[in-house]
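Inside the fold
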Amino acid sequence: MSAIEEGVAALEAAQRALEGSLTVPRGHEEQIAVGGQEYPVKLGVWVMNQKGRRAKLPADRLSALAALGLEWAAAEGAAR
C-alpha cells in the first residue's frame, strides 16, 4: 500500500469516526487495517503535508482528497 493509499484510508476511517468532520489535529494518529494487521498513520501530519504540497499534487490525488471533502483540495483542483 502506497503512502497516499494509507493516508486516504486513514482519512476515510477518521471521517467515519468523527462523524463526517475533517478537522484533524496535527498530532492525530489513525489505525488502519492492511491484510488483517493494524498500522498507525500519523494522519494529522499527513494531511498537513498534503496541504503544503497541494500545488504539486497530481490531479488524481487532488480529486481523491476533494472527494473526501477537503475543501482546499477541491479549490486547488478547480484553479488548475
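What this report covers is the structure whose coordinates are included nearby. Just so it is clear, the structure is predicted and the values come from calculations on it, not from any experiment. (Residues numbered from 1 in each chain as written. Predicted model: local features only at pLDDT ≥ 70, side-chain atom pairs only at ≥ 80, totals over all residues. Heavy atoms only, no water.)

1. Things to note about the environment of glycine 36
- Turning to its location among the elements, glycine 36 is positioned in the loop between β1 (30-34) and β2 (37-41).
- The spacing of glycine 36 and alanine 13 is 23 residues in sequence and 15 Å in space, taken between C-alpha atoms. (Helix = DSSP H or I, 4+ residues; strand = E, 2+ residues; numbered from the N terminus.)

2. Some points on the side chain of glutamate 76
- Examined against the element boundaries, glutamate 76 turns out to sit in helix α4 (residues 71-79).
- Residue classification places glutamate 76 among the buried residues on the basis of a relative accessible area of 19%. (Buried < 20%, exposed > 50% of the residue type's maximum accessible area, 1.4 Å probe, protein only.)

3. Looking at the nonpolar core
- Counting 18 residues, the largest nonpolar core has Leu11, Leu43, Trp46, Leu65, Leu70 and Ala73 as its most contacted members.
- Among the secondary structure elements, those contributing two or more residues to this core are α1 (3-17), α2 (43-52), α3 (59-67) and α4.
- Ranked by residue count, the leading element in this core is α1, at four residues.
- Filtering out sequence-adjacent residues up to four positions away, leucine 65 remains in contact with Val8, Leu11, Trp46, Gln50, Leu57, Leu70, Trp72 and Ala73. (Core = buried A, V, L, I, M, F, W, Y, C linked by side-chain atoms within 4.5 Å. Contact = heavy atoms within 4.5 Å.)

4. Quick word on the packing of α1 against α2
- Following both chains from N to C, one finds α1 and α2 inclined at 115°, their axes separated by 10 Å at the closest point. When you trace α1 past α2, the crossing you get is left-handed. Across the interface between the two elements, Ala3, Ile4, Gly7, Val8, Ala10, Leu11 and Ala14 from α1 touch Leu43, Trp46, Val47 and Gln50 from α2.
- Here the residues of the contact of α1 with α2 are counted per class, giving nine nonpolar, two polar and no charged. (Axes fitted to C-alpha atoms, helices over the stretch in contact; angles between N-to-C directions. Left-handed = near helix turned anticlockwise from the far one by under 90°. Nonpolar A, V, L, I, M, F, W, Y, C, P; charged D, E, K, R; others polar.)

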